[in-house]
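Analysis of the macromolecular model
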Amino acid sequence: MDSSAFLSVFFCLGWLPASLSFVEPPINVTLQCRNMHNVLKWSYTQFPPGLRFRVNIGRTEAEDGYPDVIWVNSSAQLHADVSFLRDPKNAYYLDVTAVIGQNESAPEEGLSFSYFKDSPADHKCHLDFPSVNVTTQHDGAVLVRFTHPSLVYFHNLPSGPIKRTRKKKSHQELPGFRYDVVLIHQKGRHHSFHCETSVCQETISVDAAQKKHCLNMKGELEKISVQATQDYCVSPREDTPSYLIPIYVICGLSALSALCFVLYMVYRKQTSPNTPSPKSMDIPNSPTQLISKVVRETCFVPEVAPSSPTPLLSAEEKEFTAFVPCATEPELHLPIRPSSGDEGLCGDDEDGAMAEEPGYVQGQHLEEEESTSGYEKRLMLVELAPDELTEGYRG
């Protein structure tokens, strides 16, 4: 074999293991640490099978019970939660290594962080100032209230260095929290306070001439910086003029009295709906009373068999009803007189015979007697047969 060909094969076989053992290191390693929540993130370009990431942890002071290495086995998870690294007395160093089988990436420069406010680490972590309630007072001052930061951030933390140190103290004792308040737009007036209770509150004098009072706050808790995320502003309190107070009181009492009266009337109406009205409210001879006294009755006229073979009424007159209401007022009654068409039905013999009978009185005499005697006659229609109607009088 040619010596040149042998050397080329030798060099290829020698460099093959070295090329297979090369693993790219993670890039863009960053840390987010705030409010005792720490997350380490990185990026990676390729994801070959068996790829894992190892997070190496270094400390300035040893901590028992905490790991020095964290493994991330999923290639899709490019971050690690390191929130257990929160002791302000300590500083931490982190770096990430990519591992495939027995091969791993070359060491890259890591980063350092600490919660100690004066630490020389790359990242100084801090706490957000708790929610602050600012209210104006009557005497040209503002009241500042907020919850102790230790109860906000350390109360629900898992067991750790800070937690173990606090358990040695009294159950009711809280670490001292020192904070500063700066009045904006008021020549930078500065106030310092110290709080060891669950609720921290202070009254601060302000310039009443200002249209708005704004405060900037920051503090320190166990060597950890506590920083406000915003300025806290409040408008001055506008007091109600003293002469308006009696008017407001009177209006309120009047409205309350009216409401009570309405409720009382509704209650009376619901409990005694049939209570008669007072006699003073009755109106004599009112239309309602007069109408209630009128009683209408219907008079039923019995049917009478016809005595004449010839109908006494025409077809147009058959539409009258046999039911006539009885009127309560006096009515004028007229004597029965046969119509001109029926004069032939009754002969002179019948009139003479009827006149000769004892006790018979002629019709013209009846009118005179009724007019003199006050007898009341009422004209009405009488149904003699289903198809026959005639006029008659009723006493």
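What comes next concerns the included structure.

Quick notes on the rules
Residues numbered from 1 in each chain as written. Predicted model: local features only at pLDDT ≥ 70, side-chain atom pairs only at ≥ 80, totals over all residues. Heavy atoms only, no water. Core = buried A, V, L, I, M, F, W, Y, C linked by side-chain atoms within 4.5 Å. Buried < 20%, exposed > 50% of the residue type's maximum accessible area, 1.4 Å probe, protein only. Contact = heavy atoms within 4.5 Å. Patch = residues over 30% accessible without salt bridge, like charges linked within 9 Å, V, L, I, M, F, W, Y side chains within 5 Å. Areas by Shrake-Rupley, 256 points an atom, 1.4 Å probe, with all protein chains shown as cover. Salt bridge = Lys/Arg side-chain N within 4 Å of Asp/Glu carboxyl O. Helix = DSSP H or I, 4+ residues; strand = E, 2+ residues; numbered from the N terminus. Pairing = 2+ DSSP bridges. Axes fitted to C-alpha atoms, helices over the stretch in contact; angles between N-to-C directions.

Overview of the nonpolar core
In globular proteins that are soluble, nonpolar side chains generally tend to be buried together. Leu-94, Phe-129, Phe-146, Tyr-179 and Met-217 are the most contacted members of the largest nonpolar core, which totals 51 residues. Residues in contact with Phe-129, not counting those within four places in the same chain, are Phe-146, Tyr-153, Phe-177, Tyr-179, Met-217, Lys-218, Gly-219, Val-226, Gln-227, Ala-228 and Tyr-232.

Quick look at a nonpolar patch on the surface
On the surface, Phe-261, Val-262, Tyr-264, Met-265, Val-266 and Tyr-267 cluster together into a nonpolar patch covering about 640 Å² of accessible area. Summarising the element assignment, Met-265 is placed in helix 4 (residues 244-271).

A look at the side chain of His-213
Along the chain, His-213 turns up in strand 16 (residues 213-221). Excluding residues that lie within four positions of it along the chain, His-213 makes contacts with Thr-136, Val-142, Gln-186, Val-206, Asp-207, Ala-208, Tyr-232, Cys-233, Val-234 and Pro-236.

Focus on the pairing of strand 1 (residues 27-34)
Here strand 1 runs beside strand 2 (residues 37-43); their pairing, made up of six bridges, is antiparallel. Bridge pairing in strand 2 places Leu-31 opposite Leu-40. In this antiparallel pair of consecutive strands, strand 1 and strand 2, the connection spans two residues, and Asn-35 shows a positive phi of 55°.

A look at the pattern of salt bridges
Scanning the entire structure with this criterion turns up eight salt bridges. Between Asp-128 and Arg-34 there is a salt bridge whose closest N-O contact spans 3.0 Å. Here Arg-34 lies in strand 1 and Asp-128 lies in strand 10 (residues 127-128), a separation of 94 residues in the sequence. For Asp-180, the salt bridge goes to Arg-178, with nearest N and O atoms at 3.6 Å. Each of the salt bridges in this network shares a partner with another, and the network as a whole consists of Lys-117, Asp-118, Arg-178, Asp-180 and Glu-220.

Digging into the sheet that holds strand 5 (residues 79-81)
Overall, antiparallel pairing links the three strands, which are arranged 1-2-5 in an open sheet. Each edge of the open sheet carries a strand with a single partner, namely strand 1 and strand 5. Neighbouring strand axes in the sheet, compared pairwise and without regard to direction, differ in orientation by 15° on average. In this sheet, strand 5 lies alongside strand 2 in antiparallel orientation, the contact comprising three bridges. Each residue of the ladder has a partner; that of Leu-40, found in strand 5, is Ala-80.

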